[in-house]
Amino acid sequence: MSKSNFDTRALLKKMTLEEKVGQLIQLNSMFLGETTADITGPKQELGVSDSMLSKIGSTLNFHSFAEVKDIQDRHMSADRLHIPLLFMMDVIHGYKTIYPIPLGMGASFDPELVKECSKMASKEASAGGVHLTFTPMVDYVRDPRWGRVMETCGEDPLLNSIMGAAQVEAFQGDDISNPDNIAACVKHFAAYGGAEAGRDYNTVEISERLLREYYFPAYKACIDAGVVMLMPSFNSLNGVPSIANKWLLQKVLKEEWGFDGIIISDYNAVGELKTHGIAENYKDAALMAFECGCDIDMMSAGYCSSLCRLVEEGKVSEEKLDKAVLKVLELKRALGLFEDPYHGGSAEKEKALCLCPEHRELARKAAEESAVLLKNNGVLPFSKDNKKIALIGPFASTGAIRGSWSCNGLDSECVSVADGVKALLPDAEITVCNGCSAEWNILDRSGFDEAINAAKNADIVILCLGEPQHYSGEGSSRADIVLPGVQNELAKEIIAVNKNTAALLFNGRPLVLTELDETVPAILEMWFPGTEGGAAAANLLFGDANPSGKVTMSFPRSVGQCPIYYNHPSTGRPKTIPDDRHQPYASSYIGCGNLPLYPFGHGLSYSDFVYESLTLDTDKMTSDSEIKVSITVRNNSGRAGKEAVQLYMHDLFASTVRPIQSLIAFKKVEIGAGETVTVDFTITEPMFRFYNASCEFVSEPGKFEVSTGHADNLILTKTFVLE
Ligand code: GLC
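Right, let's walk through the structure included here. Just so we're clear, the structure is a prediction, and the values are computed from it rather than from any experiment.

**A look at the nonpolar core**
Thought 1: Leu27 and Phe189 are the most contacted members of the largest nonpolar core, which has 125 residues in total.
Thought 2: Among the elements that line this core, the one with the most residues is helix H15 (residues 318-334), at eight residues.
Thought 3: Among residues more than four places away in sequence, those in contact with Phe189 are Phe216, Tyr219, Leu230, Met231, Pro232, Ser233, Ser242, Leu248, Leu249, Val252, Leu253 and Trp257.
Thought 4: In terms of nonpolar packing, the next biggest core, distinct from the first, is built from 81 residues, Met150, Val379, Phe448 and Tyr598 among them.

Structure (structure tokens):
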């Protein structure tokens, strides 16, 4: 851990009450910098005095090392005890060099790649003066109407857990005082992704059993990986907002899981206890949050206006206050800020690292590995011999492919599809037409004629479609999740004049692609791929890269199927006839199947992977034995490729209904042309534990099946018995 032996207890002893409370307040950098903005109003709203302002402990949302240095120097010279500020930021998928959104990174099924990218982000951010990132966001999701699914790794607890822990390990390293590392904060605890109807900030009512089985594992994995901070969620959970939820923050987080890190509220979440109708005023809100264990109040009037008074009135003990303050001072010590308040950052380092060729190269590789080939009737990969290429659609030449939460990245720094294809094929004749808008309410088709003409005269057409990057992320839920505007109509017109067409998609959530799937012969999902997105797309389209991503969140056929997810129980009346037909008196819809268009784990390759066998070294297991599973996969093509080999389990009979399939392991492997590889897994009894009706975490003897393939297409199934 940290080399600093700065005596934080001695410092605490010197602090006045106001100085202590100040350490528990986080305000936007606009309150601290040489701001031109008039902050009189915001200060009054927060009830923060100038005296308190000079004593706060941390800040967020700033844009460069120069800004950080200016604020830090100004703040430390004004502060009586010269306590350094903590600088925190949302470095979700890159600081300046932006890699794919987490929904894409999860689709890579490659934890090592996630670590590499997180480490790159950590180095850039630290150089830029960031001390802590509000990452990883590991909220479990089942409803693509929610805009923040873009920040998650989808609908599987195991994948979410592995990718969350990978980010914590990469950001924090083994010593956060090392200038390459920054502290991390897991969020949003808990079940923010379970918002009713997929509407952001909406109510969450989920049984304890379901919380523990699906929603909790990834937060716990991040805590076990040593994350230093946790952010409770905005939403009410079973009637009580997380920031004031004693069961959640005291019983589960502290007593059961032993979390002793810092709890920071989400932005004004303490103040919103009034809006929730839980607190009558900011003083009550502050008391509730503090008693629940909220150490730092981010941007609310709660602690600013009332925490001193609560201590003076004896409602908050000075001893409890000291404990919270000491945690903040200890984090500053662990970061080495008392010795170096800039944590090794500098304008020179920031300039040298951000967008450097190596980082761009990694961002491109991540964009290639995250892309998912959803459909391909053989039209891809395109030959580079094609000389006349039409790029058509609202995403053909835009740099707006970073995605939400892309920190200091800029659209102007992104390689567009047009840039990427031109760089790859400098001699080709490339025509670019937008054709239409990507906005939901712009139905103008005046661009169709030019696009159709370009398609008619081209050897191949690349349709570049999707939803604008501000349609996902915070506060960006959609009631319908089709391709916005008239993009489907454009695709139909294009395919009618040129069958050599493939669609690229840029989106921050699973969309309803049923119409597009019926129209075009190939669909390559790019998500929001970041700074090198267009270069990655070009390499994938023309075969310099081979798609290997897999869907981590089901793509519905209709928004009416939501919430939709692969790991669901059977029900007593599952459909037993082909999914496209309605089955009366079975759990099914009239006019729509139950299955998604593209299920969890689905993703095609230019290689032809043949799953030849799945073998078990025994068909009996006890709680202290294990079973070796071997899966052989042959690459029946002349092209090397990567495949995320997945292992699923089905507990056939148990005291509570069990999902018809659960991912229990995966491994992404490279398989050379014509080669066969064997992937080995070891399964043990803890993999089969679940929360029974009394919320006990148990496994039960009985029959189990293991399979490979992907959800909705399980193959090579074998059975074994847990005795
Ligand atoms: C936001 C988000 C949270 C983020 C915080 C600071 O409202 O909910 O994810 O970390 O504010 O930007």
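**Some remarks on the site of the ligand**
Thought 1: Asp90, Arg148, Lys187, His188 and Asp266 are the nearest of the 13 residues found near the ligand.
Thought 2: Look at the ligand: alone it shows 310 Å² of surface, and the protein chains cover 95% of it.
Thought 3: Class assignment for the residues of the shell around the ligand results in seven nonpolar, one polar and five charged.

**Quick look at the sheet that holds strand E19 (residues 626-635)**
Thought 1: Sheet architecture is open: three strands sit in the order E17-E19-E22, paired in antiparallel fashion. Every interior strand has two partners, whereas the edge strands, strand E17 (609-616) and strand E22 (676-684), have only one. Taking each pair of neighbouring strands and ignoring which way they run, the sheet shows an average axis angle of 20°.
Thought 2: Judged from the seven bridges that link them, E17 and E19 form a sheet pairing that is antiparallel. The partner of Phe609 across the bridge, within E19, is Asn635.

**Considering the pattern of salt bridges**
Thought 1: Applying the stated rule across the entire model yields 40 salt bridges.
Thought 2: Two residues, Asp73 and Lys69, come together in a salt bridge whose shortest N-O distance is 2.6 Å. Highlighted residues: Asp73 and Lys69, both in helix H5 (residues 65-78), separated by four residues, approximately one helical turn.
Thought 3: A salt bridge links Lys668 to Glu369, with the shortest nitrogen-to-oxygen separation between them at 3.0 Å. Taken as a pair, Lys668 in strand E21 (residues 662-671) and Glu369 in helix H17 (residues 357-370) lie far apart in primary sequence, 299 residues in all.
Thought 4: Note on Lys668: relative accessible area 18%, which makes it buried.

**Here's the deal with empty space enclosed by the protein**
Thought 1: Overall, the coordinates contain one cavity of 30 Å³ or more when judged by the stated rule.
Thought 2: Of the pockets and cavities examined, the largest cavity occupies roughly 70 Å³.
Thought 3: Along its surface, the largest cavity is lined by Ile92, Tyr99, Pro102, Met105, Val114, Cys117, Ser118, Cys153 and Gln167.
Thought 4: For the lining of the largest cavity, the leading source of residues is helix H7 (residues 111-127), giving three residues.
Thought 5: Taken together, the residues that form the lining of the largest cavity break down as seven nonpolar, two polar and no charged.

**Points about the sheet that holds strand E18 (residues 620-621)**
Thought 1: Strand order across the open sheet formed by five strands is E18-E26-E25-E20-E21, with mixed pairing between neighbours. Lying at the two open borders of the sheet, with one neighbouring strand each, are E18 and E21.
Thought 2: Bridge count between strand E25 (residues 702-710) and strand E26 (residues 713-722): eight bridges; the pairing is antiparallel. In the strand pairing of E26, Val706 is matched with Lys718.

**Remarks on the pairing of strand E13 (residues 429-433)**
Successive residues of a regular strand alternate their side chains across the two faces of the sheet.
Thought 1: Relative to E13, strand E12 (residues 388-392) runs parallel, the two being bridged by five bridges. Within E13, the residue paired with Ile392 across the bridge is Cys433.
Thought 2: Where the polypeptide runs from E12 across helix H18 (residues 417-424) and back to E13, its parallel neighbour, the crossover connection is right-handed.

**A word on the pairing of strand E15 (residues 501-506)**
Thought 1: Among the six residues of E15, six are classified as buried, and the element is accordingly described as predominantly covered.
Thought 2: Covered by surrounding structure in E15 are Thr501, Ala503 and Leu505 together with Ala502, Leu504 and Phe506, the residues of both alternating faces.
Thought 3: Note: strand E14 (residues 460-466) against E15, six bridges, orientation parallel. Note that in E15 the partner of Gly466 across the bridge is Phe506.
Thought 4: In this view, the connection linking E14 to its parallel neighbour E15 by way of helix H20 (residues 487-497) has right-handed handedness.

**Digging into helix H13 (residues 282-292)**
Thought 1: Listing the buried residues of H13 in full gives Lys283, Ala285, Ala286, Leu287, Ala289, Phe290 and Cys292.
Thought 2: Buried positions along H13 lie against helix H11 (246-256), helix H12 (272-276), helix H14 (301-312) and H15.

**Overview of the side chain of Asn692**
Thought 1: For Asn692, the position within the fold is in the loop between strand E23 (690-691) and strand E24 (697-698).
Thought 2: Of note is the side chain of Asn692, whose polar atom sits 2.6 Å from the side chain of Glu696.
Thought 3: Aside from chain neighbours lying at most four places away, what touches Asn692 is Arg209, Ser655, Thr656 and Val698.

**A look at H14**
Thought 1: Over its 12 residues, H14 runs 18 Å from end to end, which matches the ideal 16 Å to within 8%, given 1.5 Å per residue.
Thought 2: Within H14, nine of the 12 residues are buried, which leaves it mostly tucked inside the rest of the structure.
Thought 3: A side-chain oxygen of the first residue of H14 lies 2.8 Å from the backbone nitrogen of Gly302; this N-cap is Ser300.
Thought 4: Where H14 ends, the next residue or the one after it, Gly314, has phi of about 80°, a positive value.

**Quick look at the environment of Ile25**
Thought 1: Secondary-structure assignment places Ile25 in strand E1 (residues 25-28).
Thought 2: A residue is classified by how much of its surface remains accessible, and Ile25, at 1% relative accessible area, is buried.
Thought 3: Considering only alpha carbons, one finds Ile25 and Cys304, 279 residues apart in sequence, at a separation of 6.8 Å.
Thought 4: Those residues in contact with Ile25 that sit more than four places away from it in its chain are Met52, Ile56, Gly57, Ser58, Ile296, Asp297, Tyr303 and Cys304.

**So, the packing of aromatic side chains**
Thought 1: On inspection of all chains with the given rule, the structure shows 27 aromatic pairs.
Thought 2: Three or more aromatic residues link up through ring pairs in this structure, and these residues are Phe109, Tyr566, Phe600, Tyr648 and Phe666.
Thought 3: Positioned over the ring face of Tyr282 is Lys274, at 4.3 Å from the centre of the ring.

**Some details on unusual backbone geometry**
Thought 1: Between Lys187 and His188 the backbone carries a cis peptide bond, its omega angle lying at -5°.
Thought 2: Here His188 shows up in strand E5 (residues 183-189).
Thought 3: Here the bond from Cys562 into Pro563 is cis, since omega is 0°, no more than 30 degrees from zero.
Thought 4: On the secondary structure map, Pro563 appears in the loop between helix H22 (533-541) and E17.
Thought 5: Of note, the phi angle at Tyr201 is positive, near 70°, even though the residue is not glycine.
Thought 6: The residue Tyr201 is located in the loop between E5 and helix H9 (208-215) in this model.

**A short note on the side chain of Asn488**
Thought 1: Along the chain, the position of Asn488 falls in helix H20.
Thought 2: Beyond its immediate sequence surroundings of up to four residues, Asn488 is in contact with Leu483, Glu515 and Leu516.

**Focus on the environment of Thr684**
Thought 1: Examined against the element boundaries, Thr684 turns out to sit in strand E22.
Thought 2: For Thr684, a relative accessible area of 24% corresponds to the partly exposed category.
Thought 3: If near-sequence neighbours (up to four positions away) are discounted, Thr684 is found in contact with Met621, Ser625 and Glu626.

Parameters at a glance
- Residues numbered from 1 in each chain as written.
- Predicted model: local features only at pLDDT ≥ 70, side-chain atom pairs only at ≥ 80, totals over all residues.
- Heavy atoms only, no water.
- Core = buried A, V, L, I, M, F, W, Y, C linked by side-chain atoms within 4.5 Å.
- Buried < 20%, exposed > 50% of the residue type's maximum accessible area, 1.4 Å probe, protein only.
- Helix = DSSP H or I, 4+ residues; strand = E, 2+ residues; numbered from the N terminus.
- Contact = heavy atoms within 4.5 Å.
- Near = heavy atom within 4 Å.
- Areas by Shrake-Rupley, 256 points an atom, 1.4 Å probe, with all protein chains shown as cover.
- Nonpolar A, V, L, I, M, F, W, Y, C, P; charged D, E, K, R; others polar.
- Pairing = 2+ DSSP bridges.
- Axes fitted to C-alpha atoms, helices over the stretch in contact; angles between N-to-C directions.
- Salt bridge = Lys/Arg side-chain N within 4 Å of Asp/Glu carboxyl O.
- 1 Å grid on protein atoms, 1.4 Å probe; cavity = no way out; pocket = protein on both sides within 12 Å on 5 of 7 lines; lining within 4 Å.
- Points joined across faces, edges and corners; volume = space filled by probe spheres on them.
- Right-handed = clockwise from strand over helix to strand, strands pointing away.
- Polar contact = N/O pair within 3.5 Å; in protein donor to acceptor, adjacent residues only side chain to side chain.
- Expected span 1.5 Å × (residues − 1).
- Phe/Tyr/Trp six-rings, centres within 6.5 Å; stacked < 30°, edge-to-face > 60°.
- Lys NZ or Arg CZ within 6 Å of the ring centre and 35° of its normal.

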